[in-house]
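Coordinate analysis (summary)
Here is how the chains run, residue by residue.
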Amino acid sequence: MFTRPEFWKAKPQMIGKKYIEQILSIYNFVDGLVITDKYGYIEELIIYRPYINVLQAEEVRHKHVLEVYPNLTEETSSIMRVLKTGQPIYNETQIITPYIGNSFTAVNTTLPIIERGEIIGAVDISRYIDPDMQRKNVVVSLRDTSHVKRQEKLYYLDDIVTCDDRMSEIKEIVEHVSNTSSPVLIFGRTGTGKELIAQSLHSHSNRSAQPFISQNCAAIPASLLESILFGTAKGAFTGAQDIP
């Protein structure tokens, strides 16, 4: 039986909901998310694939993570290790056995929640490996981009999660082409991820610190298309100015 220290009652953390929106904005491919306080007690639980993990938030909230997942220990639980060391753990495969339901395999990225230099909790982000679909090479990849100055958050190749051989080949091509200065034509049907590829190409290039500009060419009048895309020279037409 796990019990919280007495002084916790006087200083409840209640950190869960404060961080959920921020976490989900960082990484979109999430099957499960657990937020604990600094003692390992669950503040919030979100499950997006309940047919694999049957736990419900109202049943486990304020229970200790080792009570909810009794097959784990302080040494094997990524949450408990992160709370102890303050160091993040990325892409660790764990076999999870909840106190109710069946065991399953998950790839976890676990991060400390730090406020004013103090560890106040941890967040565990999971991708479930579904045996029925035989998913392979599933990773949860969160990058520390705090040192990169960009005008907006762009996608990386790691954000493209696939088991398709053709898509994996495209990712390899993007990584190779990103090291060149050659123009790249990306084409495909609506909704197939052209913008995702374009942003990944920019993010992996030596121009990644420069602005990424997305332009809807269909919204540009035909008479202005060339000058907007390629610039103008003063005197080329009435009122034209030097625009690189």
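I will try to describe carefully the structure that is included in this document. Per chain, residue numbering runs from 1 following the sequence as it is written. Restriction of local features to residues with pLDDT of at least 70 applies here, the model being predicted, together with a cutoff of 80 or more for giving and counting side-chain atom pairs; totals for whole chains, interfaces and linings are based on all residues. Side-chain descriptors were evaluated using all non-hydrogen atoms of the structure, hydrogens and water having been removed beforehand.

Quick look at the pattern of salt bridges
When a carboxyl oxygen of Asp or Glu is within 4 Å of a side-chain nitrogen of Lys or Arg, the pair counts as a salt bridge. For the structure on display, the rule yields 7 salt bridges. We note a salt bridge from Glu-44 to Arg-61, for which the minimum N-O separation is 2.8 Å. Here Glu-44 is found in strand S2 (residues 42-47), whereas its partner Arg-61 is found in the loop between helix H2 (57-60) and helix H3 (65-68), with 17 residues between them in sequence. Here Arg-81 makes a salt bridge to Glu-92, at a shortest N to O gap of 2.6 Å. Taken together, the residues Arg-81 in helix H4 (residues 78-85) and Glu-92 in strand S3 (residues 89-96) connect sequence positions 11 residues apart. Only protein chains enter the accessibility calculation, which uses a 1.4 Å probe. A residue is then buried if its area is under 20% of the maximum for its type, exposed if over 50%, and partly exposed in between. Accessibility expressed as a relative area gives 25% for Arg-81, which makes it partly exposed. Several salt bridges converge on common partners, so that one network encompasses Asp-31, Arg-49 and Arg-127. Counting from the N terminus, the helices are DSSP H or I runs at least four residues long and the strands are E runs at least two residues long.

Examining the pairing of strand S4 (residues 104-115)
By the criterion of burial, S4 is predominantly enclosed, with 9 of the 12 residues buried. Here S4 pairs with strand S5 (residues 118-129) via 11 bridges, running antiparallel. Note on S5: the bridge partner recorded for Thr-110 is Asp-124. Linking S4 to S5, which pair antiparallel, is a turn of 2 residues; within it Arg-116 sits at a positive phi near 55°. Here, any two strands with at least 2 DSSP bridges between them count as paired.

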